[in-house]
Structure formats: C-alpha cells, structure tokens
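Coordinate analysis (summary)
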Protein chains: 2
Amino acid sequence: MADHNALPLVILTEKFAALPGIGMKSAQRLAYHVMNMDMAEVESFAKALTDAKKNVHCCKICQNLTERDVCPICSDDSRDKSIICVVESPKDVSAFERTREFTGVYHVLHGLISPMDGIMPDSLKVKELLARISQGGVSEVIMATNPTVEGDATAMYIAGLLKPIGIKVTRLAFGLPVGGILEYADEITLFKALENRNDM
Amino acid sequence: MADHNALPLVILTEKFAALPGIGMKSAQRLAYHVMNMDMAEVESFAKALTDAKKNVHCCKICQNLTERDVCPICSDDSRDKSIICVVESPKDVSAFERTREFTGVYHVLHGLISPMDGIMPDSLKVKELLARISQGGVSEVIMATNPTVEGDATAMYIAGLLKPIGIKVTRLAFGLPVGGILEYADEITLFKALENRNDM
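It should be emphasised that the depicted structure is a prediction, and the values quoted were computed from it without experimental measurement.

**A look at the pattern of salt bridges**
In total, this model carries six salt bridges over all chains according to the counting rule given. For Arg79(A), the salt bridge is made with Glu97(A), and the minimal N-O distance between the two is 2.9 Å. One end of the pair, Arg79(A), is in the loop between strand 2 (65-66) and strand 3 (80-87); the other, Glu97(A), is in helix 4 (residues 90-99), and 18 residues separate them in sequence. Of the residues examined, Arg79(A) reaches a relative accessible area of 12% and is grouped as buried. Ionic pairing is found between Asp152(B) and Arg171(B), a salt bridge with its closest N-O pair at 2.6 Å.

**Regarding the nonpolar core**
Across soluble globular proteins, nonpolar side chains show a tendency to be buried alongside one another. Counting 42 residues, the largest nonpolar core has Phe16(A), Leu49(A), Phe16(B) and Leu49(B) as the members making the most contacts within it. Looking at this core, the elements with two or more residues in it are helix 1 (7-17), helix 2 (24-35) and helix 3 (39-55) of chain A together with helix 1 (7-17), helix 2 (24-35) and helix 3 (39-55) of chain B. Excluding anything up to four places from it in sequence, Leu49(A) contacts Leu12(B), Phe16(B), Val34(B), Val42(B), Phe45(B), Ala46(B) and Leu49(B).

**Brief notes about the domain arrangement of chain A**
Looking at chain A, the domain boundaries give domain 1 (7-55) and domain 2 (70-199). Here the C-alpha centre of domain 2 of chain A lies 34 Å away from the C-alpha centre of domain 1 of chain A.

**A closer look at the confidence of the model for chain A**
All names here are of chain A. Here chain A averages 89 in pLDDT, while 97% of its residues score no lower than 70. When pLDDT is averaged over each helix and strand of chain A, the minimum, 78, is found for helix 7 (residues 187-195) and the maximum, 96, for strand 4 (residues 104-108). In the predicted complex, the global pTM is 0.74; the interface-specific ipTM is 0.76.

**Considering the sheet that holds strand 6 (residues 168-171) of chain A**
Residue and element names in this part refer to chain A. With respect to topology, four strands assemble into an open sheet ordered 4-3-5-6, the strand pairing being parallel. Both outer strands of the open sheet, strand 4 and strand 6, are each paired with one neighbouring strand and no more. Adjacent strand axes in the sheet meet at a mean angle of 25° when their direction is disregarded. Packed on one face of the sheet, helix 4 meets strand 3 and strand 4 and runs near 160° to strand 4. Across the sheet, helix 6 (residues 149-162) lies against strand 3, strand 5 (140-143) and strand 6, angled at about 170° from strand 6, the strand it touches most.

**Quick look at the pairing of strand 6 of chain A**
Residue and element names in this part refer to chain A. Looking at chain direction, strand 5 and strand 6 are connected through four bridges and run parallel. Opposite Ile142, over in strand 6, you have Thr170 as the bridge partner. Tracing the backbone out of strand 5, into helix 6 and back to the parallel element strand 6 gives a crossover that is right-handed.

**Some points on the packing of helix 1 of chain A against helix 3 of chain B**
Contact geometry for helix 1 of chain A and helix 3 of chain B: axes closest at 8 Å, N-to-C directions at 145°. Here the hand of the crossing between helix 1 of chain A and helix 3 of chain B comes out left-handed. Here Pro8(A), Ile11(A), Leu12(A), Lys15(A) and Phe16(A) of helix 1 of chain A come into contact with helix 3 of chain B, specifically with Ser44(B), Phe45(B), Ala48(B), Leu49(B), Asp51(B), Ala52(B) and Asn55(B). Class assignment for the residues of the contact of helix 1 of chain A with helix 3 of chain B results in eight nonpolar, two polar and two charged.

**So, the interface of chain B and chain A**
On the chain A side, the residues contacting the 54 residues of chain B number 54 residues. In total, chain B and chain A occlude about 4900 Å² of area from one another, counting both sides; carbon and sulfur atoms represent 72% of this. Connecting chain B to chain A are zero salt bridges. Seen at the junction of chain B and chain A, the total is 10 residue pairs in polar contact (both at pLDDT 80 or more). Where the side of chain B that touches chain A is concerned, the elements lending two or more residues are helix 1, helix 2, helix 3, strand 2 (65-66) and helix 4 (90-99) of chain B. In terms of residue count, the dominant contributor to the side of chain B that touches chain A is helix 3 of chain B (14 residues). In terms of residue class, the side of chain B that touches chain A is built from 30 nonpolar, 11 polar and 13 charged.

**Considering helix 4 of chain B**
All names here are of chain B. The buried count for helix 4 comes to nine of 10 residues, which makes it a mostly enclosed element. Along helix 4, the residues that are buried comprise Pro90, Lys91, Asp92, Val93, Ser94, Ala95, Phe96, Glu97 and Thr99. Just past helix 4, the residue Arg100 takes up positive phi, approximately 55°.

**Regarding unusual backbone geometry**
Excluding glycine, most residues fall at negative phi; most peptide bonds, likewise, are trans. Residue and element names in this part refer to chain A. One non-glycine residue, Arg100, lies in positive phi territory at about 55°. Mapped onto the elements of the fold, Arg100 is located in the loop between helix 4 and strand 4. Judged by relative accessible area, Arg100 falls into the exposed class, the value being 77%.

**Side note on the packing of aromatic side chains**
The tally for this structure, following the rule as stated, stands at eight aromatic pairs over all chains. Their ring planes at 55° and their centres at 6.4 Å tell us that Phe96(A) and Phe102(A) sit as a pair that is tilted. Each member of the pair, Phe96(A) as well as Phe102(A), carries the same accessibility label: buried. Between Phe96(B) and Tyr106(B) the ring centres are 6.3 Å apart and the planes differ by 45°, which places this aromatic pair in the tilted class. Here Phe96(B), found in helix 4, pairs with Tyr106(B), found in strand 4 (residues 104-108); they are 10 residues apart in sequence, far enough to count as distant. Classification of Phe96(B) as buried rests on a relative accessible area of 0%.

Reading the values: the criteria
- Residues numbered from 1 in each chain as written.
- Chains lettered and ligands numbered in written order.
- Predicted model: local features only at pLDDT ≥ 70, side-chain atom pairs only at ≥ 80, totals over all residues.
- Heavy atoms only, no water.
- Salt bridge = Lys/Arg side-chain N within 4 Å of Asp/Glu carboxyl O.
- Helix = DSSP H or I, 4+ residues; strand = E, 2+ residues; numbered from the N terminus.
- Buried < 20%, exposed > 50% of the residue type's maximum accessible area, 1.4 Å probe, protein only.
- Core = buried A, V, L, I, M, F, W, Y, C linked by side-chain atoms within 4.5 Å.
- Contact = heavy atoms within 4.5 Å.
- Domains from an automatic or database assignment.
- pLDDT = per-residue confidence, 0-100.
- Pairing = 2+ DSSP bridges.
- Axes fitted to C-alpha atoms, helices over the stretch in contact; angles between N-to-C directions.
- Right-handed = clockwise from strand over helix to strand, strands pointing away.
- Left-handed = near helix turned anticlockwise from the far one by under 90°.
- Nonpolar A, V, L, I, M, F, W, Y, C, P; charged D, E, K, R; others polar.
- Buried area = accessible area lost by both parts, 1.4 Å probe.
- Polar contact = N/O pair within 3.5 Å; in protein donor to acceptor, adjacent residues only side chain to side chain.
- Phe/Tyr/Trp six-rings, centres within 6.5 Å; stacked < 30°, edge-to-face > 60°.

Structure, rendered in structure tokens:
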C-alpha cells in the first residue's frame, strides 16, 4: 500500500496477506473491516489468536490438536483402539468425524513426505506412530492420506515399515466421488474406479 | 466444528469465519495455519489487530483513516485543496492514489446512503463535508462514489446540497463498468473515469 496509508493499517494488511489464500486486496478489505469492528471484538479476536497458539498442542497419543494431554477421541472408551486411521492433518480428522461411521482412532502425521519441499519422514509424526504400534493391540492401520503423489508416497513408506512387523495396512478406496458425474472424472480416477470394480 | 476439536481452535475458527468473504472451511484452514506459525508471529499478528484499532482514526479534515490528527494528503502543501474528491471508503482513496494522476484532496463518507440498510445521510460524513466547504476555497467537488444505485443516490443527494450554494459538482465518467466495484478497477480505467468527469 502507498505511504498515505496509516502504518498500523499497512502492518495489519500485511499480516492478513501472509495468511494462505488471502491476496493483497482481500487483506486490505479485512484490515478495513477490523477498523469497523468494536474495540472489544478486536481484542477478543487478538486473544483468540494467542489463546489458540498457547493452549492447543498435539495429543500425546494421536498427535491431533487438543487442549488436553490426551484428546477426547483417544480418551473415549467406546472407540476401537485396534484400528488406527493415519491422516495428514487435523482437518482430515474433522472430515472423517463428520461421516459418523468411523469408530477407530486416528494418527495425525502433520504433513506428507515431499522431498521437493524438504519434508522427509523425520519431520512427520512417524516415530510416534511406530512407538504407539510397538505397544501392541493394533490390528489394522488405514492409510488415509490424499490420493496425490505425496499422499501415495507417504502411504507406501509407512506400509513398508509396518508390513514387515505383521501389521495389516489398508488404503482408502479410490473411485468416482458419490454424486459425481462420470464425464467429468479424470482418466486416473476413472481407471481406478474400473480397476477396483465390485460385484453387484 | 464437532466437539472433538479443541475449544480455543473452535473459537479462533469462528473469529476468522466472522470476517467478510471467509467461509467455515477457509476459517478452519486459517486457524490451523495459525497453529503452525511461531508464537512470536502470532503475538505480532494479535498486536497488529489491536494496534490498528487503537491508533488509527479519522483525519479531522478528510475523514480518511490515519494515525495523525491530519492525514499526510491533507497536510501535503503540493495538493490542490480546491478540488475535493468524495469517496465511499478509505480503500477508494488508495485506488485513486495508485493512479498517481489526482492532485486534489479527498473526503471519505464512510458509507453510502442506503435506506434499505438503514444508512441515511446522517450516518455518513456529510456534515463534515459541508462544514469543510463552508470555510471557502473549494472550486469543485468530484463525486467518486461507485456506479451503483447507492453510489448514484449518494452523489445526487450531495450534489443537491452543494449546487444551490454555487459549488461545481462533477461525477466520475462512466468508463467504469456499471454495477462494478470501484476498488477493483484498474488504474487506467480509473484515470479515464477521472479525466472524463461530467458536470452534474
């Protein structure tokens, strides 16, 4: 922004623009919106930022974000601890929980292997997964990473570690999205849907 | 979000979702992004929010947002104080300044007349504009509100107040696409609109 703008506004705009998916114009609009909020609202927004950062950390079992030592899912006795669904990020846990169909537990990797971006297995919560499995009682690990190059590579890598120690490792099914239209499906999805076809 | 999410994260997500143009999914992504920021970055974001709100207020002459009593544009001796460009919001001042073609000064209304939303002339900085003009030395007032129903109504209303007291009132040329939003116009379109302004 040009120098006729008040400096605190320029700074706030830059903070918004540094967030993912927010460009300079949106950032400017958000900064002006803040100017029109009540002081109390702005302070509670500022407090929400620092509170979330201060009080939320990884569950010591599944690595999902939580305020507690052990998250509500890991401390829920009705969940089946023998099935672990391995996901990339906490948002994926939310997505599975919305289905209300999965009764096992999760493990959040906090990323996917991506040598191009310098993300190697050591930067992910893979050690924590192995430590958890080594305590026994796990019958199946579902690799629920995205069907992308990084997601597939991560699933293959973890499967390679777990299968030799006798753990059943499965991968989410790939196929047509329910409600999707066949003519808009890409070639690879369609090929996967054909390859994994089921008896009717 | 479901109750398995940490409360401070849910609160932060709601704060982001309350901002204009940010839906629940984006808000969730932003909240998770904050979790991955350094504590220092998060604190500086929180501080930027409250600093902007605390230290930025309206220029006592043009009502644009500034940290000072009188904004840099109003206190710039090289600007022509006899031409006042009347705009809806501070973003519009930024848009005109980017053209680098306008050497007059501004007046920010902080809104447009919109009876449907309960915004009447009294809620805008119209009194301040009249007070400013009554001090003399103003030869032209350019109505640079958006080419929308509200923008036109506001321009007509202010023209109706100023013409009887002998002030020349002009309107931006409709080089702007009708129904468009001023903030998104490119510099050349905006310059043409300024150059071809017409008497009202």
